[in-house]
Amino acid sequence: MSAHALCGPQPSAYFRALSPIEFSLGITLNDPADAEKKGQAEAPALPKDGDSSEPYQVKLDRDDDPKHLSLWHKWLAVLTISLSSLCATFASSVASFTEAGLARDLHTSHEVTILSISLYVMGLGIGPLFVGPLSELYGRNIIYRTSYVLFFAFTWPTAFPPNIATFLVFRFITGLCGAAFLSVAGGSVSDLFDNHNVATPMAVYTISPFIGPVLGPLISGYVHGYSYLESNTDWRWCYRVLLIWQFVQTVLLFTCVPETYAPVILKRKAKRLRKTTGDEKYYAPLEHQEHSLFRMILFSCYTPFKLLFYDRMALALDTWSALLLGILYLAFQAFPIIFEDVHGFNVQSTGLSFLGIGLGMVLALCTQPYWNGLFRREAKKYNGHAPPEVRLIIGQVGAILAPLGLYIMAFTTYKQVHWSGPIIGSIPFGAGVYFIYTGVFTYLVTAYRPIAASAMASNSAMRSTFAAVFPLFAGAMYHRLGTVGATALLAGLTTLMAPLPFIYYKIGARLRATSRFAVAD
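Attention here is on the structure that accompanies the text. Note that this is a predicted model, so its numbers are computed, not measured.

Parameters and conventions
Residues numbered from 1 in each chain as written. Predicted model: local features only at pLDDT ≥ 70, side-chain atom pairs only at ≥ 80, totals over all residues. Heavy atoms only, no water. 1 Å grid on protein atoms, 1.4 Å probe; cavity = no way out; pocket = protein on both sides within 12 Å on 5 of 7 lines; lining within 4 Å. Points joined across faces, edges and corners; volume = space filled by probe spheres on them. Helix = DSSP H or I, 4+ residues; strand = E, 2+ residues; numbered from the N terminus. Nonpolar A, V, L, I, M, F, W, Y, C, P; charged D, E, K, R; others polar. Buried < 20%, exposed > 50% of the residue type's maximum accessible area, 1.4 Å probe, protein only. Phe/Tyr/Trp six-rings, centres within 6.5 Å; stacked < 30°, edge-to-face > 60°. Lys NZ or Arg CZ within 6 Å of the ring centre and 35° of its normal. Axes fitted to C-alpha atoms, helices over the stretch in contact; angles between N-to-C directions. Parallel < 35°, antiparallel > 145°, perpendicular 65-115°, else oblique. Left-handed = near helix turned anticlockwise from the far one by under 90°. Contact = heavy atoms within 4.5 Å.

As for empty space enclosed by the protein
Point 1. The volume enclosed by the second largest cavity comes to roughly 80 Å³.
Point 2. Lining of the second largest cavity is provided by Ile327, Leu330, Ala331, Ala334, Phe335, Ile357, Leu406, Met409, Phe429, Tyr478, Thr487 and Leu490.
Point 3. Elements represented by at least two residues in the lining of the second largest cavity include exactly α15 (312-342), α19 (393-410) and α21 (452-497).
Point 4. The biggest single contributor to the lining of the second largest cavity is α15, with five residues.
Point 5. For the lining of the second largest cavity, the residue count by class is eleven nonpolar, one polar and no charged.

Shown next, in the form of structure tokens:
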């Protein structure tokens with residue numbers, strides 16, 4: 001499965017952590033400072049392991065290679081990373097049913113409490129720009145452990161906030177801390193498995209960030225409903241449950257996940273050899289590279305926005321995927337209106353209404369073997385080098401399913417229609433979201449391969465922006481237009497974007513040939 005991650009004269013000096021898609025496609029990035037095609041310069045290759053001209057350069061032996069860990073250990077690490085990623089996105093939506101209690105206890109308005117979701121999501125979007133470069137210098141494990149310890153520590157002020165300002169500030173900070181698992185973790189999965197066996201564990205990991213936002217309101221609805229129902233502090237138990245989960249994940253990250261980033265493993269091995277042999281000549285390639293962390297982060301920050309400003313195809317696809325995530329997060333405000341106000345659901349039942357979206361995503365995931373076979377057949381037609389536009393075929397299915405699901409939801413939200421109607425409509429919407437993300441993400445990575453990490457970063461930044469903004473106007477829109485009109489408006493917007501995968505499938509190669517950033521055939 002493919003889902004969802006710098007430069008200079010020195011090799012890998014400015015790498016940015018790759019997304020799960022980039023790893024699953026077997027792509028290795030070495031982004032040049034000048035991202036334009038005609039100005040790119042290939043970075044010199046690192047000396048190969050075992051090079052006779054470099055007898056003191058350490059190499060990765062079988063005992064050092066994370067790919068040779070036992071199968072159960074590798075899967076334990078994958079499941080730990082996946083659950084940590086799920087927890088990070090779950091934390092974004094767990095706030096959805098705490099807003100009434102938050103407004104009451106901290107003496108603020110409902111509109112302000114919605115910022116608890118918006119600010120967290122913004123943190124998730126900004127964080128990868130910083131943790132990506134750090135992981136390429138210091139390894140994956142130190143990023144995981146540090147970020148999760150901070151994630152756990154900074155969640156305490158959200159569980160016991162003295163005022164709304166403190167609560168919102170720490171919601172943003174916890175979003176930043178949780179972002180490591182949306183940009184770095186895919187690398188660990190690829191480090192643990194070879195190309196022939198990586199698809200299944202990568203599928204397990206990449207579905208987790210999508211399931212997290214759906215699981216949040218489901219669990220928070222029950223926690224909120226059953227914990228101290230008559231108490232003024234019942235909403236705090238949503239964050240206390242989150243704290244318990246974070247603590248468990250932190251322990252697992254320290255005990256179950258080994259370092260998997262080969263350059264850092266070699267660096268530690270060289271340090272160990274120098275200490276045990278007393279010979280200072282032993283070295284790892286990472287130690288002989290010049291690094292400027294400031295330049296790495298600067299490049300990681302400005303290149304994604306340069307792509308958005310100068311490439312209309314990337315901008316259109318990023319807008320499409322951002323619209324979908326915005327609608328998904330808007331649902332955290334819309335579903336209570338649809339199911340509580342119209343159908344008389346309680347909080348627990350409203351949380352369960354999100355199961356339709358989750359079911360759609362899981363059903364779509366189950367079709368991945370078919371798409372893998374389709375892409376292999378398409379690749380054979382082009383002698384193993386299919387054009388990037390082939391990846392948009394799966395997006396074409398999603399382009400139909402997503403608006404179809406929203407239209408079904410829109411016209412089944414009448415009070416006289418059974419409550420199961422909107423939930424049934426949310427199933428094709430959830431499936432469509434999965435198909436669209438898979439198609440768009442893989443297309444961006446393959447079409448913009450020289451700057452694939454930046455292409456994914458631009459998409460992530462725009463998605464986070466939409467996801468942060470849409471919940472803020474959801475209530476006003478649904479109260480002004482009604483449940484039918486507001487949902488139909490969203491369906492109409494997705495309908496307007498639906499032709500994109502069909503258009504780019506036909507003319508994408510021509511557009512890539514004129515792009516400053518994309519690869520040409």
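Moving on, there is more to tell.
Considering the environment of Phe160
Point 1. Position of Phe160 relative to the elements: it lies in the loop between α7 (140-159) and α8 (164-178).
Point 2. For the pair Phe160 and Arg236, spaced 76 residues apart in sequence, the C-alpha to C-alpha distance is 7.3 Å.

Some points on the environment of Tyr205
Point 1. Looking at where Tyr205 falls in the secondary structure, it is placed in helix α11 (residues 199-226).
Point 2. Taking C-alpha positions, Tyr205 is 4.7 Å from Ser82, a pair spaced 123 residues apart along the chain.

Details of the side chain of Gln396
Point 1. Its place among the elements puts Gln396 in helix α19.
Point 2. The class for Gln396 is buried, based on a relative accessible area of 15%.

Examining the packing of aromatic side chains
Point 1. The tally for this structure, following the rule as stated, stands at 24 aromatic pairs.
Point 2. Ring geometry for Tyr370 versus Trp371: centroids 5.1 Å apart, planes at 70 degrees, classification edge-to-face.
Point 3. For Trp371, a relative accessible area of 7% gives the class buried.
Point 4. The residue whose ring lies beneath Lys74 is Phe193, and the NZ or CZ to ring-centre distance is 4.9 Å.

Focus: the packing of α15 against helix α22 (residues 500-514)
Point 1. At a minimum axis distance of 11 Å, the contact between α15 and α22 shows a crossing angle of 155 degrees. Of the possible angle classes, the one that applies to α15 and α22 is roughly antiparallel. The way α15 lies across α22 gives a crossing that is left-handed. Within the contact between the two elements, α15 uses Arg312, Met313, Ala316, Leu317 and Trp320 and α22 uses Leu500, Pro501, Tyr504, Gly508, Leu511 and Arg512.
Point 2. Considered class by class, the residues forming the contact of α15 with α22 number eight nonpolar, one polar and two charged.

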